[in-house]
Amino acid sequence: MQILHPFAGSVEQYHALLADPERYRPGHCPQCLAKHPLTAHGFYTRTLIDTAFDGIIRVRRYLCQACRRTVSLLPEFVLPYLRSSLAVIALFLVARLFRGQTLLHAIRSAPPPMPYQRGQFWIRRFRAQAEALCAALASLTQPAPAPDFVHRALSMLESAGWTVAHRFLFGAVRCHLLGWPRGLAPDGRRAAFSAPAAHS
Ligand SMILES: [Zn+2]
């Protein structure tokens, strides 16, 4: 299971903090609710494309000794199962869907350069998720008058702040900003017998 690393800062600052397993060690298991601290259990690596970073980051894992399941601490600047950072995706969605820029212009607003299809994929996922986002974000920020759910969701994300909204959605209501990939349970946990979802 993935939970959020309560950290917002640069990729470099994140890496520097990772050395200390005590700092963000979960005090209890979020899966079986055992009331004892989890054991540090190494790292996994994943790719990340941020506005000024394109490479591999490490994600710390902890193990629950009671249920033998692992918990990964995902930094707040990434979205589960997506290679691009929250900032890159936000810049692109705002440019394309909020400001009405062309796809090409929107891609240029969200550096580094990326394939056309990736932007289309985010738009498709965001449109499908917009109504659920409006409902979920209503307890965090006031819904603004808007012509449709896409614009309303974007204005709510802009007024709450994307990182704050992501922290709330993922941490409190287990909602993915762009929707969980198919094959996962509604709260983002891996469903039984499902194949790993494709990344983009
Ligand atoms: Zn457990």
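As a reminder, the structure under discussion sits directly above these lines.
All values derive from a computational prediction rather than experimental measurement.

**Here's the deal with the overall build of the protein chain**
- Counting its secondary structure elements, the protein chain contains six helices and four strands.
- Each helix and strand of the protein chain, ordered N terminal to C terminal, gives the series β-α-β-β-β-α-α-α-α-α.
- Taken against the 2.2 N^0.38 rule, which gives 16 Å for 200 residues, the C-alpha radius of gyration of the protein chain at 17 Å falls within 12% of a compact globule.
- For the protein chain, buried positions account for 46% of its 200 residues.
- A fraction of 57% describes how many contacts in the protein chain between residues 6 or more apart in sequence connect residues 24 or more apart.
- For the protein chain, the computed accessible surface area is about 9,900 Å², with 56% contributed by carbon and sulfur atoms.
- The positive charge centre, built from 23 side chains, and the negative charge centre, built from 10, are 7 Å apart in the protein chain.

**Here's the deal with the packing of helix α4 (residues 116-137) against helix α6 (residues 162-172)**
- The interhelical angle for the contact between α4 and α6, taken along N-to-C directions, is 90°, at an axis separation of 11 Å. Here α4 lies roughly perpendicular to α6, going by the angle between them. Contacts between α4 and α6 pair Leu133, Ala136 and Leu137 from the former with Ala165, Phe168 and Leu169 from the latter.
- By residue class, the composition of the contact of α4 with α6 is six nonpolar, no polar and no charged.

About the cut-offs
Residues numbered from 1 in each chain as written. Predicted model: local features only at pLDDT ≥ 70, side-chain atom pairs only at ≥ 80, totals over all residues. Heavy atoms only, no water. Helix = DSSP H or I, 4+ residues; strand = E, 2+ residues; numbered from the N terminus. Rg over C-alpha atoms; globule rule 2.2 N^0.38 Å. Buried < 20%, exposed > 50% of the residue type's maximum accessible area, 1.4 Å probe, protein only. Contact = heavy atoms within 4.5 Å. Areas by Shrake-Rupley, 256 points an atom, 1.4 Å probe, with all protein chains shown as cover. Lys, Arg positive; Asp, Glu negative; His and termini not counted. Charge placed at Lys NZ, Arg CZ, Asp CG, Glu CD. Axes fitted to C-alpha atoms, helices over the stretch in contact; angles between N-to-C directions. Parallel < 35°, antiparallel > 145°, perpendicular 65-115°, else oblique. Nonpolar A, V, L, I, M, F, W, Y, C, P; charged D, E, K, R; others polar.

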